[in-house]
Each structure stands twice: as C-alpha cells, then as structure tokens.
Protein chains: 6
Amino acid sequence: MHQQVHVRIISPITTTGFRTDIDIKSLEAPGLVVSATQISKGPGSIESEYEGAMAAPDTIARIIEAEREGVDACVIDCMGDPGLKPSREAVTIPVLGPCNTSMHVAAMLGHKFSVVTVMRRLLAQFENAAALAGLSTRMASARSVDIPVLDLEKDMEATRAALIEEARKAVEIDGAHAVIFGCTGLFGCAAAVRQGLLGHGIDIPVIDPIPTAVNTAAALVRSHLSHSAHTFPLPPRKAMPGYDMPDLHTVAAE
Amino acid sequence: MHQQVHVRIISPITTTGFRTDIDIKSLEAPGLVVSATQISKGPGSIESEYEGAMAAPDTIARIIEAEREGVDACVIDCMGDPGLKPSREAVTIPVLGPCNTSMHVAAMLGHKFSVVTVMRRLLAQFENAAALAGLSTRMASARSVDIPVLDLEKDMEATRAALIEEARKAVEIDGAHAVIFGCTGLFGCAAAVRQGLLGHGIDIPVIDPIPTAVNTAAALVRSHLSHSAHTFPLPPRKAMPGYDMPDLHTVAAE
Amino acid sequence: MHQQVHVRIISPITTTGFRTDIDIKSLEAPGLVVSATQISKGPGSIESEYEGAMAAPDTIARIIEAEREGVDACVIDCMGDPGLKPSREAVTIPVLGPCNTSMHVAAMLGHKFSVVTVMRRLLAQFENAAALAGLSTRMASARSVDIPVLDLEKDMEATRAALIEEARKAVEIDGAHAVIFGCTGLFGCAAAVRQGLLGHGIDIPVIDPIPTAVNTAAALVRSHLSHSAHTFPLPPRKAMPGYDMPDLHTVAAE
Amino acid sequence: MHQQVHVRIISPITTTGFRTDIDIKSLEAPGLVVSATQISKGPGSIESEYEGAMAAPDTIARIIEAEREGVDACVIDCMGDPGLKPSREAVTIPVLGPCNTSMHVAAMLGHKFSVVTVMRRLLAQFENAAALAGLSTRMASARSVDIPVLDLEKDMEATRAALIEEARKAVEIDGAHAVIFGCTGLFGCAAAVRQGLLGHGIDIPVIDPIPTAVNTAAALVRSHLSHSAHTFPLPPRKAMPGYDMPDLHTVAAE
Amino acid sequence: MHQQVHVRIISPITTTGFRTDIDIKSLEAPGLVVSATQISKGPGSIESEYEGAMAAPDTIARIIEAEREGVDACVIDCMGDPGLKPSREAVTIPVLGPCNTSMHVAAMLGHKFSVVTVMRRLLAQFENAAALAGLSTRMASARSVDIPVLDLEKDMEATRAALIEEARKAVEIDGAHAVIFGCTGLFGCAAAVRQGLLGHGIDIPVIDPIPTAVNTAAALVRSHLSHSAHTFPLPPRKAMPGYDMPDLHTVAAE
Amino acid sequence: MHQQVHVRIISPITTTGFRTDIDIKSLEAPGLVVSATQISKGPGSIESEYEGAMAAPDTIARIIEAEREGVDACVIDCMGDPGLKPSREAVTIPVLGPCNTSMHVAAMLGHKFSVVTVMRRLLAQFENAAALAGLSTRMASARSVDIPVLDLEKDMEATRAALIEEARKAVEIDGAHAVIFGCTGLFGCAAAVRQGLLGHGIDIPVIDPIPTAVNTAAALVRSHLSHSAHTFPLPPRKAMPGYDMPDLHTVAAE
C-alpha cells in the first residue's frame, strides 16, 4: 500500500506568486504530501478558450515531468481543466481537473449544483463541461461575479460578498443545492462563503475545487485507480516540429 | 484538521460473517480508521427492490447510531444503496452509497463505464441509479454473471472467470472504458479481474466499490464536505408507531 | 371480461380519519368498486424520504393482503409512491403510484406539466420521479404552497388560493400546460383550482392524482395489463428477521 | 357523473371493412359505449409520412363531427397518430392517439418498452414519437415484421409467429420489459403473442394499442380531464380554399 | 459540377402577394437562381397545427412539380416546416424547412439559440421542433412578439422594436447566444434587429430563416447531398380518393 | 453582396503534400474561391487529443493571418476540429470545423448518422463532439476502419472497401441513415463509397466533410452570418511568453 501519497498541483499560467507555500502545505494531511509547479510558456491567466489552448502544451510537459519524478497524481490548477485529456494520454498516473472532479463530487452531495465563477464569458464553458461529464441535468446554473482572475485578491472582502450574493441567487432562483467555485483563484474562500450563506439560512456544501481535487486524487491512488487507457491511449510516436516535448514512448517504456 | 478520519461500513443484511476483520482492516491507511456493523432486522441478502425496502429502516438506525458515536462518515455496504437518501436526512456526517459513488468515480476516469453485477434482475436498478445520478449517457451497459450474492464465494475461481468474461463483453460489445462491480460481495476481486482483462489486451480501471467509497468518504471529510441539507433536510418530528427509531430532533440538537 | 373492477386505495400513513367513506364512494362508477385501507406501522404523514422509507414495509404488506383478498388493482395514496416498486415485485395485480401515473397522464394531455405540492423540501423528489419516469423534458417545474400535509384542511380556502397562485405561476413563469397536485391530501380540490385558473384566463387540465390513478388502474384491468414481471420479478425466498411478512412464494403459488 | 362514456374510433384510411362490428363491440364494458367511423378522402392504408399527411384533413373533419354528435372522446385508429395535434386544436373532448397513449402506458408498467411494427420504414417514426413524448430513455427499440398493413390478416398464423419472434428479440437483445404493437391492424393478437412469449419463459405486458387507448380515453372522461387548451388552442377564424371544413368558431360557440 | 443551382421557395399559404419578386431576386447570388410559388388549397396563413396540417397536401404537390420541372432544391416558406417529411418521401431533390435548417445553423454558430416568433401559441411547436432535431439542449428559449402573421408588415417599426425587445430578453434572461426569427414573414428584418441589439451592446447572430435555408440548400446541392432515402423512402403505390396527387412511382421512374 | 466568397482551408498538421492544388481547385464553384495553408509547428498528423492540443496554437495563428489577409471564412482541415473554439474568439470571420459542420448537416438530412473514422481510439472523441453539438440522440454510432491517417492513401482500394464495409454495418447494425467520414484524409472518397453502398441496396447520404464545410462556410458568408461574439468573445489583452502570437486587440481594431 502507498503509505505516502504525493500529489502535484500544476498551475497552467505564467504569472508567478499565484500559489504560496502556505496554500500548498495547508492541503497536506496524514499520508498526503502536496507539491506545486507552473508553466513557463503560455498565458498569464486563463479567462478564455484561447488562453486555455495556449496553456495546454506546457501544462502537458509539466505533467509528464511529474510522472517521471515519481509523483503519484497531478491536479491541474484551473477550472478550465486545460490539457486534462491530452495529458492523460501521455501519462499513467491519475491527472484530475478541478472542474470535472468538483462537478462529480457536487453531484454526489446534493440534487443540483451551481458554479459561481469570475467572468460572464466563462459560463458557456461550464455548461459544456457539465455536458461532457454527463451532468447537465444535475447543474442548476453557472453564474459569475464579474471580477478578473488576477483582481480577485485585490479586495477579498468584496470578492467574498459577491460570491455569497451569487451563491444565494443560485440557490433561491436557480434551485442549486450545492455550489462550486468556478475559479481556482478563489481557493480558501469556502468556509467564509458557507458561513455567509448560513447567515441567509442556506445550509449547502460550498466546494473549493483544489482541496476537493487533491483529496479525490489521493482517494484514487489509495483505491489503485487511474484514468482508463482505453479512453486515453498513448499517442503514436511522431515528430513535433516547433515543440521540445519528451518522447512519450521512452517514458512509457521506463 | 481531522488527523484521523473514522469511516463506518454499514452492512444492510442480517446474514452474519459476510465481512471479516481482515477485510475491514485492509481498507485502513495512514489517517484512516475503518469500522463495520450490520443490521439485525431485514433480509439475509439484497437481490430485489423488496429486500432493499425491508433493509432500509434498520440501516438508517445504524447510521444514526454511528453519528452519535462520533464516526466521521458512513458507507452502506450494498450496491442498491438502500436507505441512502433517508439516512442522509437523519444525519449530518457524509453517508455514501457504493453504487452512486462508483458511478461518479468511473465517470471521472473514462469515457463510459459498465456495471457487472450478480443477477440479471438487478440490471434495471443500475440503469435507474445512473439516470438519477445524471450519468445515463456515461453508462455503456449493465451486465450480470447470474450468481446469487451468497453463492459468490462458493467458487471464487468461477466467479472471477465470469466477471472477466462479462467485463470483456462490456468493453468489446457495449463500448465500456471502465468497469464497476455491481455487488459489494465481490470485494477484493478487482486486481484479479483487471489482470484477467489485461490478458485479453484490455487495460481499463476495475472499480471495487467498497474501497472506492471508503476512500471517497475520507476525501470528503478532509475536504470539509458533506451532503446538502437543502436536498436532505431533517424530517419533521413525528410519531412512528411500530418502530423504535431515535428522536431525530434530539440527535440534531446534540 | 371483468364486469366489476375492484380497486383498493392503500394509505401509507398511520394517522386515522384521513380518507372518509364519502371520498372513497365518490371514486366509484359503473363497473368500478373502490375500497380503502391504511398502514398501522410507520409515519403519521409523509413529508420526507425518511418517512417514505419507514412507510414502505407495512404498505407492501397491505398490498399483498389486497391481492390475496381478490382485489383487482391497488393505488398507493401518497405522491411519494412509497413502496411502489417493491410491492410490484410481491404481487401480480397492477399497483399504481399516483405520482408516476399522473405524470404520464399529464404528458398525454399537454406540452409540459408542473407539480404543485405542499412543502418545498419535496421538490427534488418530484424532479427525481420525473427523471425515472423518463419525463424530465416534459416537466416545466415543481412548486410548493408550503403548508404541511396534516394542515391542508385547516383552512381549505387558503389552501385553494395558494394552489391557484402557484399553478398560475407554473403556467405564466415556468411554461406549464397542465398542473398535477403534488399531495394526495389535496384530493377533491381540482374543480375549484381549475375554476380559479379560468378566472385568470388560464384553461389547462388540473390533475387530481387519486381519481386519475384509480381510473387508470381500472383501464389497465380492463385492458388485461399489469406491470412487467421482467422489471418486477418475484424476490427469492429468504428469511426476514424483525418483520412478519407473508411468504411471497406461497402467495405466488396460490 | 358520466354514467355512460361514449368513445368513437376514427379510422384514418379509406379501405372499407377494416374494422368489424364485432371488433368494436368487444371493446365495450359496463358504462362504456364504443362506435366507429372512417375517412372517405385519403390513403387506403398508412405506411409513410406522406400517407399520414394525406389522411389528416378528413380525420380532423370526422373528429369535429364526433364532438358535435355528443361523443365523449375519440381514438384515432393508426399508430402514426395522424391528425392528433391538429384535431385537438379543433375540439375540446379528449382525442387520443394509440401510439402516444400506449407508450405512456408501457412506461407505467415496466422499465423499457419496444414497439413491434409492420414495416421497417416506420421505425424512425416511432423513435420520433418517443422523443416527442419525452420517452426516448424508456424505449428499448423499434422492430418490424416486414408485412404490409393490408396483408397482416392474410396469414394470421405467420403474422403472430413473426410478432412473437420480434418481441422475443426485443426482450433478449434490446432489453425490452414490455412490448407495444406498432400497427392497429394487429388488434386482437395480444393474448396470443403474450402466450407465445410465455412459451419462451418471457412474462411481459403485450400492449394492444386500440383497447388500451379506448380504456384510457374512458378513464380521462371519468377523471374530468381533456387535453390542454394551452397546448392546443382553437385556431383563428380563416378561409380554407379547397377544403370544406366546418367553421371551428361556430362549433366552439355551441 | 452544377454551374447554376436553382432553388424553389414554396409558400404553403393561399394568401397572395406575400412574397414579391424583389424579395426573391434579393436571394440570388453568383451561380444561384431562386424562384417561388405557393399553394392554392389550404389556409391563408399558418398559426396552428391545424393550419399546418391543412397546408401539407398542396405543399407536397408543389414540391413534386418542382422536381419534375428540374429544380435543384426546395425550401418551404413557413417556420412550421409543413409537409417537410412527407414531401421528402415524394422527391429526391433536397427539401429544406427553414425551422430545422435555422436551428442547426444557429447551433453551429454559438452556444445556445432562441427563437423569437409571432404568436405565443407557437412556442410549444418550436420546443418540439428542437427536440426532434436533437437540439433541445441548445435552445435557450422560444419567445413571441404576439403579432399575427398577416399583421407583421402593418407597422414594421413596431414589429422590429418588438423583435429587438424579445431578442434582448432572450439573451439577457434566457441565455441565448444567437436568435432565429420564428416566422418567415419577418424576412428582411435581420440587419435592423442585429443593429438594434448592438445598440444594447449585444453582438450575436440574427438568423433570417429564408436566406439561411436557400443558401444551405445551395450548399447541399454543391456538396452532392440530399436527404436520406433510408429515412424518407418512396411511399408504396396506393389510391388516394379525394385528392388529385401525381403518381409518385411514375415520377420516380422518370 | 459578396460577389466572390473566399474560403481558406487550414491544415493543422506539419506533414507537407497532404493537400494538392487539384484537391483545392475541385472545391471551387461560381462565386467561390478556395485557398489552403498549413501549420509549421505541431504534429505530423492528428490521431489523439495530445496531437490536437499541440496543433492548436499554430492553427489559431494561421486563422488570424487569414482574417488579416481578407479571407471570408476558414475551414480547419481535421475532424478533431483542433483550435476551433479558441480561433473563433480571435477572429470575426466564420471558422468552421468539419466535424461539427458535418454532424449538423447529417442531422438535417436523415434520422440518425454514423461517423466512420480511421482509428478506434478516436471513437470517444466523436461521441463527445456529438454531445457538445447537442446531437447525441441523432448519432447512431462511431466506427473505425483501423488504418492510420498517413496510410489511408497507400491502398485506396482497400481503404474504400473498408469504408463501405463499416458504413454498411453502421446502417444495418447501428441504424444509421447517413454516414460521415471521420477523417478529412478521406476527402474525395464519398462518391465511391456511396456507389458501394448502393451495391448493397443502401441509399443514404455519404458526407465528405471538407466540401460540406467549405460550401456551408460560403452559405454562412452569403447569409451574412458568423459565429456568436457572445459565445466567443475576444480574449483580454495579455502577455503570452514562449509564443509569438499577434496582438488580438490590434487585429480587432483594424
């Protein structure tokens, strides 16, 4: 049995200082070690399909590195789950996206869930993610506070108040029974938002995607499970001009 | 933080000796303690809606007791998830059904999953469970080996061979990318079935529902999550002639 | 041909005096006899999954008795349809739940239907019932008047006004084309609610579930139809400690 | 209360002698009178969308006449349900199509149903009918015996054998738990087909659409229900060159 | 290759003067010739299922004539797509309905679409059309301006203002990302409505169904595609008393 | 009006010589000019999610260039539609993916469609594409001939025979009414495959995705339509270290 499970968080953005050591350490538990890294090529933050696409190649590279270093599982640190499917083809350790994971966990916990995210322009992406997860009938709504990712921490009081307000509307208007944060930049706000909702008499789970995905990744490792090689088979060996990617077949042979 | 998480497995059948201490201990891990109990009123095993209904009242009682004893989470030890929704109304600690949990985990891991269960008569129940989970589009099929629950261990070799055969058909005919055991009596067979499938060149996750649900329960506790009180509100105080159930409102007030 | 069809109404609650002889007689018609009984073990009323689960065992027992007494069909007198599936496994005469029956009848009559029930906490149950019936796309909404079951008759004027108001919102806001009462305690209010809606210029069917289910049960008997033994096979013979249930296999052999 | 309910069967084909008086009388029961008529303009039988479209105008005219004559409900005698929606706009008495009605009744009785029809070319129509009914997830399959409508009675033995064979495949291959005849020309074969299936150990409902629709129509009348005027509002007054249709607004005013 | 593609527009209404030569010519383009005709038997306009059914026979006749005259494709000039399926059985050239075509084009262009139509009574028809197209999950809503078809041009300013207002609500309240006109009588208003929406800061496609269907028909012809003879097989040869329809089999043999 | 429409085909692979001038010219028609280009950074061919992700950045760059050069619409030359959504955010001219376009066109033409592709590993991608298009209920199946993309032309006879065989199974076993080629490397085979199917008595549309998408793109331009800026808003201005992408905001301002 894995006495110690090592989960690596991969931030698919080039802005530095987004995750502190304290954040990362707060995710650890008995038998669970957490580390973090980030990409060096790609967008400063991700608020569009375009930025997600530009983030994917280096995110995949970081995940391949993690597997080679003996990490047990990876979590991609963005609710767009950029690079999730391609990186699963490239490695055999579990790779989790916080969006996909949180949606399934929310569906386990209550009748319907809503996602409360940062920007209105992301709402369709969450509806698509739910459709691919098979969970469209379980999503009550996607809502936004309309604050850009890198501004979330400028006025945490205002951010939290906006989250509580949209979560309240998700429950009272849209029929949500649980709420998922729609941006991993909101990490650490769940207790405050849950408290704020209780102040309105609303007692529902508030899902903080990064801790949820990290703990689910550890649960998979302890259950001896990873993604299906039938869904995510190793790509054929092929040249890739313009990129300096590792030879996936060498990796697989190790 | 919970340094130690205590998960209780509740067997909703009156047949004794179904779970050994060795089985239960094998589920433990650093920071995770597992205990087990079972009902004393109800069916000897569950292979019908009728038996599931008869098992529910005492299963709920055992789960209420577990919460009062300070257990952190409960897992119901039957793929019919008997008593799951009513017991969630009665307690605030997470209660997981292995069927619901395994389906969401399978959906996280691959494109489509199949359930391989014991008796043909249970197939519709699994299709209904997938529909309520929102996962009908992610279920490839439900299949059965046609061996009654209490006979599964009589010839483990034959049971495993039948599981491998039906799992293979699930992949090759129905398009499954992952397989879930459709009876918790199959606990412990996952490695052998996965090995058998690899012998046919099929590399997919084989989900053993009890370890999966126990580890997911621990992940929820560590993520400070439980089921939604909005979906599962405490029932009103009411007499219940013919049953000796605890006063739920006293429990809630403790 | 059945010259006379006998339908039995089974109330799955222990509160007495809920159904009067006048109520029951009003359901009769040429060729249709109606009788009624109720459970003696279980909840005083049903407003939760918990109470539904506690009502099921004795409801099943009453339905088995009805079949032995030569009754032609049974209707369970609660919109939670408690015990519907397990009791269908135990008998071969048609057993109908008013919720399932009313939803299919509503779907025959118009584009989309809404359920107007008593308590907000029941809304998710109706959404789940529609999902299992396959009718999610035909349900416009579930709404509640927020009056407990046993208080419905305290101020019938207020109850009817609240029903009309929620039914009106179901039509004007949610797009309903028909309305189903979401509690069998509302029996007898359909004409008044339909009249009230016509006063708002809204001409839609208002479905009173008990008469609808009783007449549908008679239609099934006259059409020589009952539920599928393929979906609801007889449970295997098995001890049931703690319960005094009839031997299902003896019944079946009669 | 309606002591006597009068249901009219409308055959939307111009071939005469299709329905005998004995057929019609066999549908009567205490409190239920049944009459029949047919169209004089349109196809000899219906095996295509084209023929269904050509049958609709005169079918609608017959249904308007039935309402004027005081009939309580109409049933259209074709599984294509030709003219169902337009005729519902033109009258206030219930009009039922045997396809739509049988699908909802089948869904009440078991997990999934199949339709066994005459010609392969009709299969897509049944899948579309199920989709509009909201019942796609409840339909296991549509199958055909490949015998034209007007040839069904030429060799009833062969017709019944073919029906039993396709129904058996629907159960064993497609997962059906109930079977609906996909042509009203198969009226009266249900008992023989059910018997044939029992000979294969298959105990499922076999739904004969005309008796099922007639009895359901009577149940609606006794429940004081008809289709929704919100879904099927009276058409505006308008000239209709080339057709000799009654003035719908005069009818409505009577 | 088809150097010149000829598309015929078939108006399924008997009111004359609805389409001007200028309208028709405005649809032409290099390599694309457009002609128009209309029915002589049937309703003056179509605002109900009843009128759609009465329009179908002569619409089918016009489409058969068009094929005999060497036209390359037909477009039915009504958002109810009357006669679409039956006429496809009768001819081999592409026949397009503007409703079905516009919904698929809208789905290609954005996340979700809404239909803005003339009368409230048509909303359910659009929801049914989306369901049959498989696009229910892509339709945000159907809305109406509540102006009868033949009054649309009485005050074009008011009509356009009402369209802009409902389209705005479709976007802001219902979540639409594209808008389809729900009546071909609105032909030519798309640029003005799109401009009006831009004035509200809303930059979405406004789909004018007739030009969209005509250009799509030409694209199909250039791609050597027509509807499937498997879905729309030629009807069997059969008498059709009361109608003077061409012999479809003679047509097919030509 | 656009007298001349210019459509650019973007090949998202680095293998040269894949598209000949003759191929490209064969797509032209009166009023339609077609040009082609390809990426220089990324995979040699695309047979995985991984290769699709690596192809996206340079594909997006080529599409931005096309818009700057005055091209009217772009078509991405791969059935994985790599870069479709992100590139739509970056430009305002229509960008079409052949997979998404062909699925909607197939759905216009018949009841259900199947995709016949090259490699088994791509099947789940097509099921996901159909789900996002909203067309899961319209897809009969995805099948593969199991020949790698760059080997397709090695033995065209064998490739065509394999396509005919899988298309035949799609029709006879899976219920397809139209077939889409699941790889743009099969360009030009449609007539031969359709002929082969006719030899089996199967008369269905065979959709060649590149001509279909090019002609649909021209139809959109002629209908003054492009993708929704509400679904695909311009990304915020942001640094993109490691990539040399154009400034999207400068482009937009031009």
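Residues numbered from 1 in each chain as written. Chains lettered and ligands numbered in written order. Predicted model: local features only at pLDDT ≥ 70, side-chain atom pairs only at ≥ 80, totals over all residues. Heavy atoms only, no water.

Naming follows an unreviewed UniProt entry, where chain A appears as Allantoin racemase of Roseibium marinum. The record in UniProt for chain A states the following under Sequence similarities (unreviewed entry): "Belongs to the HyuE racemase family." (UniProt positions renumbered as here; feature names shortened; annotations may be inferred.)

Draft legend 1. Inspection of the overall build of chain A at higher detail. Of the regular secondary structure elements, chain A holds nine helices and eight strands. Its C-alpha radius of gyration of 18 Å places chain A within 12% of the 18 Å reference for a compact globule of 254 residues. Taken along the three principal axes of its C-alpha coordinates, chain A extends 55 × 40 × 35 Å. If you take every contact in chain A between residues at least 6 apart in sequence, the share linking residues at least 24 apart comes to 73%. Summed over its atoms, the accessible surface of chain A is roughly 8,400 Å², and 51% of this surface lies on carbon and sulfur atoms. (Helix = DSSP H or I, 4+ residues; strand = E, 2+ residues; numbered from the N terminus. Rg over C-alpha atoms; globule rule 2.2 N^0.38 Å. Contact = heavy atoms within 4.5 Å. Areas by Shrake-Rupley, 256 points an atom, 1.4 Å probe, with all protein chains shown as cover.)

Draft legend 2. Representation of the relation of the copies chain C and chain D within the structure. Taken as rigid bodies, chain C and chain D are interconverted by a rotation of 180° and an axial shift of 0.0 Å, the fit giving an RMSD of 0.0 Å. Here the symmetry operator amounts to a two-fold rotation axis. In this assembly the copies share their binding face: 98% of the residues contributing to the interface of chain C also contribute to that of chain D. (Least-squares fit on C-alpha atoms with pLDDT ≥ 70 in both.)

Draft legend 3. Local environment of the interface of chain A and chain B. The interface of chain A with chain B comprises 46 residues on the first partner and 47 residues on the second. Across the chain A to chain B interface the summed buried area is about 3,500 Å²; carbon plus sulfur atoms make up 63%. Joining chain A to chain B, the criterion identifies zero salt bridges. At the boundary of chain A and chain B, one finds 19 residue pairs in polar contact (both at pLDDT 80 or more). Of all the elements in the fold, those that place two or more residues in the side of chain A that touches chain B are α4 (98-109), α5 (123-133), β8 (206-207) and α8 (209-222) of chain A. (Buried area = accessible area lost by both parts, 1.4 Å probe. Salt bridge = Lys/Arg side-chain N within 4 Å of Asp/Glu carboxyl O. Polar contact = N/O pair within 3.5 Å; in protein donor to acceptor, adjacent residues only side chain to side chain.)

Draft legend 4. Structural view of the sheet that holds strand β7 (residues 178-181) of chain B. All names here are of chain B. The parallel open sheet is built from four strands, whose spatial order is β6-β5-β7-β8. Two strands bound the open sheet, and with one partner strand each, they are β6 (139-144) and β8 (206-207). Looking at chain direction, strand β5 (residues 113-117) and β6 are connected through five bridges and run parallel. Paired with Val116 across the strands is Arg143, a residue of β6. Along the sheet face, helix α5 (residues 123-133) touches β5 and β6 and points at about 155° away from the line of β6. (Pairing = 2+ DSSP bridges. Axes fitted to C-alpha atoms, helices over the stretch in contact; angles between N-to-C directions.)

Draft legend 5. Summary view of the interface of chain C and chain D. Every contact between the two is made by 47 residues of chain C and, on the other side, 46 residues of chain D. Together chain C and chain D conceal approximately 3,500 Å² of surface at their shared face, both sides included; 63% is due to carbon and sulfur atoms. Area buried by chain C at its contact with chain D is led by Pro30, Met108 and Leu109 of chain C, which between them contribute 20% of it. Our enumeration of links across chain C and chain D arrives at zero salt bridges. Run the count over chain C and chain D and you get 19 residue pairs in polar contact (both at pLDDT 80 or more). Put simply, the parts of the chain that give the side of chain C that touches chain D at least two residues each are α4 (98-109), α5 (123-133), β8 (206-207) and α8 (209-222) of chain C. Its residues assigned to classes, the side of chain C that touches chain D comprises 22 nonpolar, 20 polar and five charged. (Nonpolar A, V, L, I, M, F, W, Y, C, P; charged D, E, K, R; others polar.)

Draft legend 6. A look at the sheet that holds strand β6 (residues 139-144) of chain D. Residue and element names in this part refer to chain D. The sheet built from four strands is open, its strands ordered β6-β5-β7-β8 with parallel pairing. Taken across any chain shown, the strands that pair with only one partner, and hence form the sheet edges, are β6 and β8 (206-207). Where strand β5 (residues 113-117) meets strand β7 (residues 178-181), four bridges bridge the pair, whose relative direction is parallel. Opposite Ser114, over in β7, you have Val179 as the bridge partner. Each of β5, β6 and β7 is contacted by helix α6 (residues 156-172), which is oriented at about 150° to β6, the strand it contacts most.

Draft legend 7. Main features of the domain arrangement of chain A. Residue and element names in this part refer to chain A. The domains assigned to chain A are domain 1 (5-97 + 211-253) and domain 2 (99-209). A straight line from the C-alpha centre of domain 1 to that of domain 2 covers 23 Å. In this assembly, 23 residues from domain 1 lie in contact with 23 residues from domain 2. Regarding the contact of domain 1 and domain 2, the summed buried area is about 1,900 Å², with carbon and sulfur atoms giving 62% of it. (Domains from an automatic or database assignment.)

Draft legend 8. Highlighting the confidence of the model for chain A. Averaged over every residue, the pLDDT of chain A is 94; the share at 70 or more is 98%. Across the predicted assembly, pTM comes out at 0.97 and ipTM at 0.96. (pLDDT = per-residue confidence, 0-100.)

Draft legend 9. Inspection of the pattern of salt bridges at higher detail. Residue and element names in this part refer to chain C. Enumeration over the complete set of coordinates arrives at 108 salt bridges over all chains. One salt bridge connects Glu69 with Arg8, and the closest N-O pair in it is separated by 3.1 Å. On the criterion of sequence distance, the pair formed by Glu69 in the loop between α2 (49-68) and β3 (73-76) and Arg8 in strand β1 (residues 5-11) is long-range, its members being 61 residues apart. Take Glu69: its relative accessible area is 53%, and that puts it in the exposed class. The exposure class of Arg8 is buried, given its relative accessible area of 11%. Note that Lys154 and Asp151 form a salt bridge whose closest N and O atoms lie 2.8 Å from each other. (Buried < 20%, exposed > 50% of the residue type's maximum accessible area, 1.4 Å probe, protein only.)

Draft legend 10. Structural view of the nonpolar core. With 143 residues, the main nonpolar core has Met103, Phe113 and Val214 of chain A together with Met103, Phe113 and Val214 of chain B as its most contacted residues. Non-local contacts of Phe113 of chain B, meaning those with residues more than four positions away in its chain, are made with Met103, Ala106, Ala107, Leu135, Arg138, Met139, Ala140, Ser141, Ala176, Ala178 and Ile180 of chain B. Within the second largest apolar cluster, 142 residues are counted, among which are Ala106, Phe113, Val193 and Val214 of chain C. (Core = buried A, V, L, I, M, F, W, Y, C linked by side-chain atoms within 4.5 Å.)

Draft legend 11. Spotlight on helix α5 (residues 123-133) of chain E. Looking only at α5 of chain E, the buried set comprises Leu123, Ala124, Phe126, Asn128, Ala130 and Ala133 of chain E. On its buried face, α5 of chain E sits against α3 (84-90) and α5 (123-133) of chain D together with α4 (98-109), β5 (113-117) and β6 (139-144) of chain E. Directly beyond the C-terminal end of α5 of chain E, a positive phi value near 85° is found at Gly134 of chain E.

Draft legend 12. Region of the structure containing unusual backbone geometry. Residues and elements named next belong to chain D. A positive phi is found at Asp81, a non-glycine position, where the angle reads about 50°. With respect to the helices and strands, the residue Asp81 is situated in the loop between β3 (73-76) and α3. Overall, the relative accessible area of 12% leaves Asp81 in the buried class.

Draft legend 13. Just the environment of Ile9 of chain B, in detail. Residues and elements named next belong to chain B. With respect to the element layout, Ile9 can be found in strand β1 (residues 5-11). Separated by 204 residues in the primary sequence, Ile9 and Ala213 have C-alpha atoms spaced 9.7 Å apart. Ignoring anything within four residues of it in the chain, the contact list for Ile9 reads Ile24, Leu27, Val34, Ser35, Ala36, Thr37, Val75, Asp77, Ile210 and Val214.

Draft legend 14. Expanded view of the packing of helix α4 (residues 98-109) of chain D against helix α8 (residues 209-222) of chain D. Residues and elements named next belong to chain D. Following both chains from N to C, one finds α4 and α8 inclined at 85°, their axes separated by 9 Å at the closest point. When the axis of α4 is compared with that of α8, the two are roughly perpendicular. Mapping the contact onto sequence places Pro98, Thr101, Ser102 and Val105 in α4 and Pro209, Ile210, Thr212, Ala213 and Thr216 in α8. Classifying every residue of the contact of α4 with α8 gives five nonpolar, four polar and no charged. (Parallel < 35°, antiparallel > 145°, perpendicular 65-115°, else oblique.)

Draft legend 15. View of the arrangement of the chains. Left apart from each other, chain B and chain E have a closest C-alpha approach of 14 Å. The smallest C-alpha distance separating chain C from chain F is 14 Å, and no contact links them.

Draft legend 16. The arrangement of helix α2 (residues 49-68) of chain B in detail. Residue and element names in this part refer to chain B. Over its 20 residues, α2 extends 29 Å from the first C-alpha to the last, a length consistent with the 28 Å expected when each residue adds 1.5 Å. Helix geometry: α2 is bent most strongly at Ala56, by close to 40°, with proline Pro57 lying one to four residues after it. Two to three positions downstream of the cap, the backbone nitrogen of Tyr50 sits 3.4 Å from a side-chain oxygen, assigning the N-cap of α2 to Ser48. (Expected span 1.5 Å × (residues − 1). Bend = angle between axes of the 7 residues up to and from the residue.)

Draft legend 17. The arrangement of the state of the cysteines in detail. Residues and elements named next belong to chain C. A full pass over the atoms with the stated rule returns zero disulfides over all chains. Cysteine Cys78 remains unbridged, with the sulfur of Cys183 as its closest cysteine sulfur at 7.2 Å. Classification of Cys78 by relative accessible area gives buried; the value is 10%. (Disulfide = S-S within 2.5 Å.)

Draft legend 18. Looking closely at the pairing of strand β5 (residues 113-117) of chain F. All names here are of chain F. With five of its five residues buried, β5 lies for the most part within the structure. Neither face of β5 is left uncovered, since the one carrying Phe113, Val115 and Thr117 and the one carrying Ser114 and Val116 both have all their residues buried. Following the backbone out of β5, through helix α5 (residues 123-133) and into the adjacent parallel strand β6 (residues 139-144), one traces a crossover that is right-handed. (Right-handed = clockwise from strand over helix to strand, strands pointing away.)

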